[in-house]
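A structural walkthrough
Each chain, letter by letter, is given below.
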Amino acid sequence: MTRDRAAEDYALPHPGALEAESAHVFREVAATFERPVLLFSGGKDSMVMLHVAVRAFWPAPPPFPVLHVDTGHNFDEVVEFRDRVVRDTGVRLLVARVQDDLDAGRVVEEPGAGRNRLQTATLLRAIAEHRFDAVFGGARRDEEKARAKERVFSLRDEHGQWDPRNQRPELWNLYNGRHRRGEHVRVFPLSNWTELDIWSYVRDERVELPPIYYAHRREVVERDGMLFARTPHLVLAPGERTRPATVRFRTVGDATCTGCVESTAATDDEVLAEVAASRVTERGATRADDRVSEAGMEDRKREGYF
Amino acid sequence: MESGAQLLRLATAGSVDDGKSTLIGRLLHDSKAILADQLESLERVSRARGGDRLDLALLTDGLRAEREQGITIDVAHRFFATPRRRFVIADTPGHVQYTRNMVTGASTADLALVVVDARRGLLEQSRRHAFLSSLLGIPHLVVCVNKMDLVDWSAERFAEVRAEFERFATRLEIADVAFVPMSALHGDNVVQRGARMPWYEGAPLLHHLEEVHIASDRNLIDPRLPVQYVVRHGDFRGYAGTVAGGVFRPGDDVVVLPSGVTSTVAAIHGPGGTPLAVAFPPQAVTVRLADDLDVRRGDTLCKPGNRPRVGRDVEAMVCWLGDRSSLVPGARLVLQHSTQLTRATVHGLRYRLDVTTLHRDEAAESLSLNEIGRVSLHTHTPLVHDTYRTNRATGSFILVDETTHETVAAGMVLAPAEAAPTVVRHRPAVGREDRATRGATVWLTGLSAAGKSTLAVEVERQLVAAGRPAYLLDGDNVRLGLNADLGFSAEDRAENVRRVGEVARLFADSGTVALVALISPYREDRDRVRAAHEEAGLPFLEVFVDTPVEVCEARDPKGLYERARRGELRGFTGVDAPYEPPLRPELVLRPDGGGVAASAARVVGLLA
């Protein structure tokens with residue numbers, strides 16, 4: 001009867017419901033924290049995060065800057081893209097460089113290990129220097145099993161550490177962001193999104209992404225069953241050969257440990273179809289550092305990584 | 001899969017080792033949501049642990065300590081989708097010491113899966129979780145009677161567990177309960193129907209999850225917009241927030257609480273400024289008002305004729321989550337509600353509830369970890385709120401410890417108890433347990449000519465025939481005597497409902513089933529009667545006789561609709577006065593429900 005008919009009329013289909021939930025989280029942080037910052041790599045999750053933030057505070061710009069933790073091992077296309085998007089959006093860009101910590105001797109590079117793990121020290125330094133009290137990250141619970149255990153508001157101690165056994169209960173949409181001086185809160189507005197939701201949103205909202213997310217020709221090298229792009233940062237081992245291939249990236253990160261997949265998907269619709277049919281997770285396909293151990297992500301999160 | 005599919009949020013519940021994690025693993029595995037690299041890692045770890053088959057539980061137990069101890073410690077969120085729906089599962093721990101994490105996972109759920117081991121039946125933790133699901137207002141519950149392979153796929157055993165649960169559930173407030181016999185280990189009746197239980201005629205679990213109707217679980221009747229953030233940009237001033245109830249449209253008159261200032265909605269914007277003709281929960285919107293007012297975060301926009309309560313004294317059920325402290329009268333805490341933040345003092349602990357037996361301990365002096373009780377709170381600033389039963393968003397709050405900043409309690413607002421300080425209750429010599437029968441109130445509500453009285457007469461006949469004392473309080477009959485002094489204004493209708501509710505409560509207390517057939521059009525009036533029953537520890541079962549107004553008008557046995565249409569009757573429900581259907585009735589009966597005797601039998605079934 002009338003009640004049911006009304007209920008169907010007022011349905012907010014997914015992913016509108018996800019966007020609403022994320023907008024709620026952004027507004028909550030903006031209203032209750034003093035110095036929030038949004039982590040921004042130029043990748044698809046951080047682009048969606050920025051896009052939702054811009055929409056949540058319309059017509060004002062988002063009331064916080066964005067921070068790129070720069071490993072120095074970037075894809076040039078992504079850095080160019082990052083700078084243009086930031087200019088168009090009107091947000092302030094901060095860059096924290098891993099190279100600065102290497103130069104100062106605060107961290108030491110392990111040969112062949114990539115710089116992903118080193119980012120943690122640089123991130124924590126930036127948080128301390130700017131006295132950020134809330135740090136938005138684009139992590140999703142569908143990515144990895146340690147992330148599946150993460151709250152939307154995740155308290156970190158003065159060393160940036162996550163204690164999975166002692167997380168705050170998180171009820172309804174009431175987020176407790178209270179913390180002591182020196183502590184901060186990691187906030188994950190995209191917690192309940194999946195890779196497919198991200199791509200649906202990118203398509204529906206026409207969110208622009210760096211070109212490497214779409215099929216293109218480039219020189220690649222096969223290593224440990226994964227394809228890596230030939231970049232100045234990738235040192236070829238003896239006997240390794242590059243070959244041309246048509247590929248695209250499912251995630252964007254440190255160029256030395258982010259693999260690509262062979263693909264001809266050149267539009268959002270084609271990528272969406274490919275993601276829906278994929279039998280491998282994005283991290284399984286393209287993140288070398290997740291293969292280190294069963295609890296690789298949990299260990300890195302405990303140290304202060306996302 | 002389709003973009004635009006509806007999202008269903010699930011929470012799992014049940015004792016440790018009943019197989020919750022395995023069930024989720026099975027749901028994901030059989031619905032093809034586990035991808036090749038995850039499966040490969042699962043196989044590798046299963047083998048390394050010496051298992052001869054795939055250990056699906058390893059999929060959700062992601063932390064080191066969980067895998068080492070083989071138990072779930074914290075809530076994990078898992079995602080899967082079918083062409084019909086998308087699902088988020090909050091996989092919650094079964095161990096008693098992690099009850100607070102179960103509460104965390106269940107607070108936003110549309111549906112709870114209570115997993116029961118067919119061999120062991122309903123254990124304390126299953127009861128606890130079913131009760132918590134009811135307390136948290138989860139509208140749908142599926143009891144998964146698992147491990148049927150270990151009881152030889154026995155239909156009798158399934159029926160026993162089901163009957164045991166139903167006996168317990170009559171004391172809970174859950175509108176919709178389904179039962180599925182299954183083996184998560186082997187996959188029978190999880191995604192596909194199993195061939196080994198031909199006696200089971202229902203659908204497998206996944207089918208049920210795809211079909212359950214959730215669109216009307218939201219409150220679309222009482223408009224509420226808690227202001228979360230004020231957006232200022234040049235001349236633009238907008239109030240951003242998530243619609244917590246009801247429907248707003250441009251042009252609506254609104255009142256800002258707690259100040260009470262009124263204005264008109266000039267425009268509503270969705271994310272990115274999209275102009276909206278209508279806003280409803282859970283949309284995140286920005287509203288502009290016609291007048292330049294001082295509106296701040298923590299204020300609530302609502303309609304002048306439909307306001308939440310504003311006050312500093314709140315009655316609430318509280319689940320204590322803190323492990324280093326306990327709730328004691330006099331304690332001071334921070335109360336976080338919707339977008340409001342205030343200090344609160346615990347005025348009194350009315351009782352502590354044993355969540356297994358549902359016994360109320362009125363002598364309790366504190367609540368410690370995982371304990372639940374009813375408290376009265378006094379807040380520093382006025383709280384704009386509804387009861388949790390009416391609205392989960394504006395009726396819930398958390399309590400935060402001022403020094404540690406930990407979240408120490410989850411709270412749900414109840415209707416306040418009405419106290420008459422000059423009248424002292426006389427203590428009876430006979431307790432309820434001394435009486436031969438247990439009483440209850442069955443409240444039939446619906447439009448005039450919906451069929452309430454016809455149904456109530458048949459329910460009374462069936463109960464009395466079965467030897468159960470019952471008495472019908474018919475709306476028309478009480479107006480000839482007890483309520484002969486009342487008219488049909490909103491106030492008089494409220495008083496009519498209050499008096500009948502009081503009489504029903506006395507009948508129920510005496511061990512009789514009070515059957516009330518009364519239009520009782522306003523939800524608030526009925527909820528007050530329910531609250532009075534809950535306060536007294538008596539079952540109150542709301543039955544919504546949901547007959548469409550066209551059907552009622554076609555019947556019109558007393559010619560009332562015709563007179564109302566001619567303008568001879570004013571304020572007639574369904575014609576020129578509103579009817580507010582129950583949000584969570586214990587039972588809904590529709591005219592196509594199979595005849596009076598069958599419908600009455602369903603009502604009697606509630607009392608079993």
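Sequence order sets the numbering: in each chain, residues are counted from 1 along the sequence as written. Written order decides the labels, with chains lettered from A and ligands numbered from 1. It should be noted that, the model being predicted, local features are given only for residues of pLDDT at least 70 and side-chain atom pairs only at 80 or more, the latter also being counted only at that level, while totals for whole chains, interfaces and linings use all residues. Hydrogens and water molecules were not included; the side-chain quantities draw on all heavy atoms of the structure.

Below, the discussion takes up the sheet that holds strand S1 (residues 6-14) of chain B. Residue and element names in this part refer to chain B. Pairing between strands is defined by DSSP: at least two bridges between them are needed. The helix and strand labels rest on DSSP assignments: H or I over at least four residues marks a helix, E over at least two residues marks a strand, and numbering proceeds from the N terminus. Spatial ordering of the open sheet is given by S2-S3-S1-S4-S5-S6, a layout of six strands whose pairing is mixed. The open sheet is flanked by strand S2 (76-81) and strand S6 (176-181), the only strands paired with a single partner. Strand-to-strand twist of the sheet, defined as the mean angle between neighbouring strand axes without regard to direction, takes the value 25 degrees. Angular values range over 0 to 180 degrees, each being the angle between N-to-C directions of two axes fitted as lines to C-alpha atoms, with helices fitted over their stretch in contact.

Relative orientation and spacing of two packed helices are given, respectively, by the angle between their axes and the distance between those axes. Residue and element names in this part refer to chain B. Axis separation between helix H5 (residues 124-135) and helix H6 (residues 155-169) bottoms out at 11 Å; the angle between their running directions is 45 degrees. Between H5 and H6, the angle falls in the class oblique. Relative to H6, the crossing made by H5 is right-handed. Residue-level inspection shows Arg127, Ala130 and Phe131 of H5 in contact with H6, the latter providing Glu164, Phe165 and Phe168. Roughly parallel means an angle under 35 degrees; roughly antiparallel, over 145; roughly perpendicular, 65 to 115; everything else is oblique. By the definition used in this description, the sense in which the near helix is turned from the far one sets the handedness, with an anticlockwise turn below a right angle giving left-handed and a clockwise turn giving right-handed. Contacts were defined at the residue level, with two residues in contact if any of their heavy atoms lie within 4.5 Å.

A few words now on the sheet that holds strand S1 (residues 36-39) of chain A. Residue and element names in this part refer to chain A. Spatial ordering of the open sheet is given by S3-S2-S1-S4-S6-S5, a layout of six strands whose pairing is mixed. In the strand order of this sheet, the two ends are held by strand S3 (93-97) and strand S5 (153-156), each with one partner. Each neighbouring strand pair of the sheet contributes to a mean axis angle of 30 degrees, computed without reference to strand direction. As paired elements, strand S2 (residues 66-70) and S3 share five bridges and run parallel to each other. Following the sheet pairing, His68 is matched in S3 by Val95. Along the sheet face, helix H2 (residues 16-32) touches S1, strand S4 (134-136), S5 and strand S6 (184-187) and points at about 155 degrees away from the line of S4. Helix-sheet contacts for helix H4 (residues 76-89) involve S2 and S3, and the interaxial angle to S3 is about 150 degrees.

A word on the confidence of the model for chain B. The predicted coordinates should not be examined in detail at positions where pLDDT is low. All names here are of chain B. Taken over all residues, the pLDDT of chain B has a mean of 87, while the share at 70 or more is 90%. Across chain B, element-level confidence peaks in strand S7 (residues 224-226) with a mean pLDDT of 98 and bottoms out in helix H3 (residues 64-69) with 57. Both scores are given for the predicted complex: the pTM is 0.77, the ipTM 0.90. Think of pLDDT as the predictor's per-residue confidence, scored from 0 to 100.

Next up on the list: the pattern of salt bridges. Residue and element names in this part refer to chain B. Basic side-chain nitrogens of Lys or Arg form a salt bridge, by our definition, when they fall within 4 Å of a carboxyl oxygen of Asp or Glu. Summed over the entire model, instances satisfying the criterion amount to 58 salt bridges over all chains. The salt bridge partner of Arg352 is Glu371, with a shortest N-O separation of 3.7 Å. Residue Arg352 is found in strand S16 (residues 340-353), and its partner Glu371 is found in the loop between strand S17 (360-361) and strand S18 (372-385); the two are separated by 19 residues along the sequence. Each residue gets one of three labels from its accessible area relative to the maximum for its type: buried under 20%, exposed over 50%, partly exposed in between, using a 1.4 Å probe on protein chains only. For Glu371, a relative accessible area of 25% corresponds to the partly exposed category. Here Arg526 makes a salt bridge to Glu542, at a shortest N to O gap of 2.8 Å. Here Glu542 lies in strand S24 (residues 540-545) and Arg526 lies in helix H11 (residues 523-536), a separation of 16 residues in the sequence. When sorted by exposure, Arg526 lands in the same class as Glu542, which is buried.

Moving on, we get to a positive patch on the surface. All names here are of chain A. Within the patch definition used here, like charges are joined within 9 Å and nonpolar side chains (Val, Leu, Ile, Met, Phe, Trp, Tyr) within 5 Å, considering only residues with over 30% relative accessible area and no salt bridge. All accessible areas in this document rest on Shrake-Rupley with a 1.4 Å probe, and a residue is counted as covered only by the protein chains that are shown. Neither His nor the chain ends contribute to the count of charged residues, in which Lys and Arg are positive and Asp and Glu negative. Think of each charge as sitting on NZ of Lys, CZ of Arg, CG of Asp or CD of Glu. Taken together, the side chains of Arg35, Arg92, Arg131 and Arg181 make up a positively charged region of the molecular surface. Mapped onto the elements, Arg131 comes out in the loop between helix H6 (119-130) and S4. Arg131 gets classed as exposed once you look at its relative accessible area, which sits at 54%.

Before going further, it helps to spend a moment on the side chain of A:His216. All names here are of chain A. Here His216 lies in strand S7 (residues 216-223). When its relative accessible area of 19% is taken as the criterion, His216 is described as buried. Counting of polar contacts relies on pairs of N or O atoms within 3.5 Å, with two restrictions inside protein: one atom must be capable of donating a hydrogen and the other of accepting it, and residues adjacent in sequence are counted only when both atoms are side-chain atoms. In this structure the side chain of His216 is engaged in a polar contact, spanning 2.7 Å, whose partner is the backbone oxygen of Tyr214. Within the structure, the side chain of His216 is placed 2.9 Å from the side chain of Arg218, a separation counted as a polar contact. Residue contacts for His216: discarding those within four places in its chain leaves Pro211, Ala245, Thr246, Val247, Arg248 and Phe249.

What follows covers the packing of aromatic side chains. Only centres within 6.5 Å qualify two rings of Phe, Tyr or Trp (six-membered ring in Trp) as a pair; their planes then separate them into stacked at under 30 degrees, edge-to-face at over 60, and tilted for everything else. Summed over all chains, the structure comprises 21 aromatic pairs over all chains. Taking the centre distance of 5.3 Å and the plane angle of 75 degrees together, the rings of A:Trp58 and B:Phe236 count as edge-to-face. Taken as a pair, A:Trp58 in the loop between helix H3 (44-56) and S2 and B:Phe236 in strand S9 (residues 236-242) lie in two separate chains rather than in one. Relative accessible area serves as the criterion here: at 13%, B:Phe236 is assigned to the buried category. Either the NZ atom of lysine or the CZ atom of arginine qualifies as a charge over a ring when it sits within 6 Å of the ring centre and within 35 degrees of the ring normal. Directly above the aromatic system of B:Phe248 lies the positively charged group of B:Lys303, at a separation of 5.8 Å from the ring centroid.

Further remarks concern the side chain of B:Thr82. All names here are of chain B. You can see Thr82 is positioned in the loop between S2 and strand S3 (85-91). Among the polar contacts listed, one links the side chain of Thr82 to the side chain of Glu210, at a separation of 2.6 Å. Residue contacts for Thr82: discarding those within four places in its chain leaves Phe87, Leu206 and Glu210.

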